[in-house]
Amino acid sequence: MEDYKTLDFDISPVGMSRLEGVDFSNLAFGKVFSDHMFVMDYADGEWKRGEISSYGPMTFSPAMMSLHYGQAIFEGMKAFRQQDGGVAMFRPGENIKRFNFSAKRMGMPEVPEDIFFQALVEMLKLDSGWVPNAPDSALYIRPFMFATESHVGVRPSQEYRFCIFTCPVGAYYTKAVKVKVELHYTRAAMGGTGAAKAAGNYAGSLFPTELAKSEGYDQILWTDAATHTAVEECGTMNVAFVLNGKMVVPQTSDTVLAGITRASAVQLMRHHGVEVEERKVTVQELIDASAEGRLTEAFGLGTAATVSPICTLGLPNGDWDLPEMSTWEVAPKVKALLDGVRYGTAEDSFGWNIPV
Ligand SMILES: *Cc1c(COP(=O)(O)O)cnc(C)c1O
């Protein structure tokens, strides 16, 4: 008999799973949703009892405050099918902490860490069949919270909904991306909300990104708001370079979100004896290094794509192409080290995998 801890929420499993109808060999990212979701509401200054139940639509008032004033945050994390057949989440505690950091920044209530964690565990137990096992696949987990009070007038909402749903996903990007070095638009400013996973940050990036796409690029390489001289992030990912043979990553700040993939990559590479610099990286430095053949790799780091190679840096005076990916050494090593831990094929030296 399993020793059941009393849960702080209810579980109403679905009567019939939709799993049978899913084509796991052809998963569009973020289009397929597992059977269950977790929902917990906040009102009267407290979190009410949550519930795991069937994934499905919700009904809201047109005056729901998140629609008007944008109090909405999210997280992105993954669970992986282990080599031994089990399922493990990768560093969920880091996502829980960052979620509550985002909540605080956006004037929203924090979610009790133990309930958040328990909800993840119980969701994954119920939907363990949805964790794919093909290479580069995973179960993407999307926790989010938004203001639900019906009220017109700017102030923090007094009611919120916290939810979690999951999506089985295959490999993300397939090819190297051309990035436009953005010298006009801004993703994040000092003192702003760039370090939080706030929905509005992404809304603000869409128009500049569409513009970049119309100019033949795939993504934007964001630069600092004040001077547009320092490189910050690539699309919705952190970014890393190999400069003069060294892995270099822009340091985190108000404007560079503290990615868990980034932190894990830096820690793992150092653990394996590779020197990594966390510092300011300037656009000029990249151009000079590129001209002299000292910029040998550039890649994005994030949960969705893990490692996303960059083939071209676009600047007003022309495009700078990176060397052929077949010559790259650092990016493949980062990917292999991260995957080794996450899929349970390498030693988990730091206890990052949390089996469910
Ligand atoms: C989520 C996110 C990242 C990457 O964070 P991970 O924890 O590695 O997924 C980087 N930058 C931005 C802007 C993000 O939203």
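Please read all numbers here as calculations on a predicted model, not as lab measurements. Each chain has its residues counted from 1, running along the sequence as written. Local features in this predicted model are restricted to residues of pLDDT 70 or higher, and side-chain atom pairs are both shown and tallied only at a pLDDT of 80 or more, whereas totals for entire chains, interfaces and linings draw on every residue. Hydrogen atoms and water are omitted, and side-chain values are computed over all heavy atoms in the structure.

Quick look at the pairing of strand β18 (residues 318-321)
Pairing of strand β17 (residues 306-315) with β18 involves four bridges; the strand directions are antiparallel. The residue of β18 that forms the bridge with Thr 312 is Asp 321. Linkage of β17 to β18, two consecutive antiparallel strands, is achieved through a turn of two residues. The pairing criterion is simple: DSSP has to find at least two bridges between the two strands. By the criteria applied, helices consist of DSSP H or I runs no shorter than four residues and strands consist of E runs no shorter than two, each listed in order from the N terminus.

Here's the deal with the pairing of strand β8 (residues 138-147)
With nine of its 10 residues buried, β8 lies for the most part within the structure. Pairing of strand β5 (residues 72-74) with β8 involves three bridges; the strand directions are antiparallel. Pairing of Phe 74 across the sheet is with Phe 144, part of β8. Pairing analysis gives three bridges linking strand β6 (residues 77-81) to β8, with the strands arranged antiparallel. What sits directly across from Ala 79, in β8, is Leu 139. Three labels apply to residues, based on accessible area from a 1.4 Å probe with only protein chains included: buried if under 20% of the type maximum, exposed if over 50%, partly exposed otherwise in between.

Overview of the domain arrangement of the chain
Residue ranges for the domains originate in an automatic or database domain assignment. The domain architecture assigned to the chain consists of domain 1 (4-169) and domain 2 (177-342). With centres defined by C-alpha atoms, the gap from domain 1 to domain 2 works out at 28 Å. Of the residues lining the interface, 21 residues belong to domain 1; the matching set on domain 2 comes to 22 residues. Accessible area that two parts lose when put together, with a 1.4 Å probe and added across both, is what the buried area reports. Between domain 1 and domain 2, roughly 1800 Å² of surface is buried when both sides are summed, and carbon and sulfur atoms account for 61% of that area. A per-residue breakdown of the area domain 1 buries against domain 2 is headed by Phe 74, Phe 90 and Arg 98, which together make up 33% of the total. For this analysis, a salt bridge means a side-chain nitrogen from Lys or Arg found within 4 Å of a carboxyl oxygen belonging to Asp or Glu. Inspection of the region where domain 1 meets domain 2 yields one salt bridge. A salt bridge links Asp 136 to Lys 335; the nearest nitrogen and oxygen atoms lie 2.6 Å apart. Within the residue set of the side of domain 1 that touches domain 2, elements represented by two or more residues are β5, β6 and α2 (92-105). Here the side of domain 1 that touches domain 2 takes six residues from α2, the largest share from any one element. Looking at side-chain class alone, the side of domain 1 that touches domain 2 contains 10 nonpolar, four polar and seven charged residues. The contact criterion used is simple: two residues touch if any of their non-hydrogen atoms lie within 4.5 Å. Under this grouping Gly is polar, as are all residues other than the nonpolar Ala, Val, Leu, Ile, Met, Phe, Trp, Tyr, Cys and Pro and the charged Asp, Glu, Lys and Arg.

With respect to the site of the ligand
By convention in these notes, a residue is near a molecule or strand provided one of its non-hydrogen atoms lies within 4 Å of it. Taken together, 14 residues lie around the ligand, and Lys 197, Tyr 202, Glu 233, Thr 261 and Thr 303 are the ones closest in. Pairs of N or O atoms are called polar contacts if they sit within 3.5 Å, as long as, within protein, a hydrogen donor faces a hydrogen acceptor (for residues adjacent in sequence, only side-chain-to-side-chain pairs). Ile 260 has a polar backbone atom sitting 2.8 Å from an oxygen atom of the ligand. Calculation of accessible area relied on Shrake-Rupley with a 1.4 Å probe; when residues are assessed, cover is drawn exclusively from the protein chains displayed. With the chains in place, 96% of the 380 Å² that the ligand exposes on its own is no longer accessible. Grid spacing is 1 Å over the protein atoms alone, the probe is 1.4 Å, and a cavity is where that probe fits but cannot get out, while a pocket is an open set with protein on both sides within 12 Å along at least five of seven lines and lining residues have an atom within 4 Å of a point. Molecule-in-pocket calls rest on the fraction of atoms, with more than half required to lie within 2 Å of the cavity or pocket grid points. In a pocket analysis with a 2 Å cut-off to the grid points, the ligand is assigned to the largest pocket.

Regarding helix α3 (residues 113-126)
Working rule for helices: expected span equals 1.5 Å times residues minus one. The end-to-end C-alpha distance of α3, which contains 14 residues, comes to 20 Å, matching closely the 20 Å that a straight helix rising 1.5 Å per residue would cover. Inspection of α3 places Ile 115, Phe 116, Gln 118, Ala 119, Leu 120, Val 121, Glu 122, Met 123 and Leu 124 among the buried residues, and these make up the whole buried set.

Some details on empty space enclosed by the protein
Grid points are joined across faces, edges and corners, and a volume is the space filled by probe spheres set on the points. In this structure the tally under the stated criterion is two cavities of 30 Å³ or more. In this structure, the largest cavity encloses a volume near 100 Å³. Lining the largest cavity, in full, are Met 77, Lys 78, Phe 80, Phe 90, Asn 95, Ile 260, Thr 261, Thr 303, Leu 338 and Arg 342. At the level of secondary structure, the elements contributing two or more residues to the lining of the largest cavity comprise β6, α5 (260-271) and α7 (330-342). No other element matches the three residues that β6 contributes to the lining of the largest cavity.

Considering unusual backbone geometry
Within the chain, His 228 stands out as a residue other than glycine whose phi angle is a positive 55°. Assignment of secondary structure puts His 228 in the loop between β11 (219-223) and β12 (231-234). Note on His 228: relative accessible area 15%, which makes it buried. Phi angles above zero are rare outside glycine, and Asn 244 is one such case at about 55°.

Details of the packing of α5 against α7
The description of two helices packed together rests on the angle between their axes and the distance between the axes. Orientation is described by axes fitted as lines to C-alpha atoms, over the contacting stretch for helices, and by angles from 0 to 180 degrees between their N-to-C directions. With their axes 10 Å apart at the nearest point, α5 and α7 run at an angle of 100° to one another. When the axis of α5 is compared with that of α7, the two are roughly perpendicular. Of α7, the residues touching α5 (which contributes Thr 261, Ser 264, Ala 265, Leu 268 and Met 269) are Val 330, Lys 333, Val 334, Leu 337, Leu 338 and Val 341. The residue makeup of the contact of α5 with α7, split by class, is eight nonpolar, two polar and one charged. For classification, angles of less than 35 degrees are called roughly parallel, those exceeding 145 degrees roughly antiparallel, those between 65 and 115 degrees roughly perpendicular, and all remaining angles oblique.

Some words on a nonpolar patch on the surface
Candidate patch residues must exceed 30% relative accessible area and have no salt bridge, after which like charges are joined if within 9 Å and Val, Leu, Ile, Met, Phe, Trp or Tyr side chains if within 5 Å. Taken together, the side chains of Tyr 69, Val 152 and Val 154 define a hydrophobic patch exposed on the protein surface, amounting to about 320 Å² of accessible area. For Val 152, the location among the structural elements is in the loop between β8 and β9 (160-169). Of the residues examined, Val 152 reaches a relative accessible area of 65% and is grouped as exposed.

Structural notes on a negative patch on the surface
In this charge count, Lys and Arg are treated as positive and Asp and Glu as negative; neither His nor the chain ends contribute. Each charge is placed at NZ for Lys, CZ for Arg, CG for Asp and CD for Glu. A cluster of acidic residues, Asp 8, Glu 110, Glu 113 and Asp 114, forms a negative patch at the surface. Of note, Asp 8 is situated in the segment before β1 (9-11).

Overview of the packing of aromatic side chains
Remark: the centre distance and the inter-plane angle together describe each pair of aromatic rings, the angle taken between the planes. To pair, rings of Phe, Tyr and Trp, with the six-membered ring standing in for Trp, must have centres within 6.5 Å; the planes then decide the type, stacked if under 30 degrees apart, edge-to-face if over 60, and tilted in the middle. A complete count under the given rule lists 20 aromatic pairs for this structure. Aromatic pair Phe 9 and Phe 38: ring centres 5.2 Å apart, planes at 75°, arrangement edge-to-face. Linking Phe 9 in strand β1 with Phe 38 in strand β2 (residues 36-43), this pair joins segments that are 29 residues apart in sequence. Each member of the pair, Phe 9 as well as Phe 38, carries the same accessibility label: buried. Either the NZ atom of lysine or the CZ atom of arginine qualifies as a charge over a ring when it sits within 6 Å of the ring centre and within 35 degrees of the ring normal. Above the plane of the ring of Tyr 217 lies Lys 178, whose end atom (NZ or CZ) is 5.5 Å from the centre.

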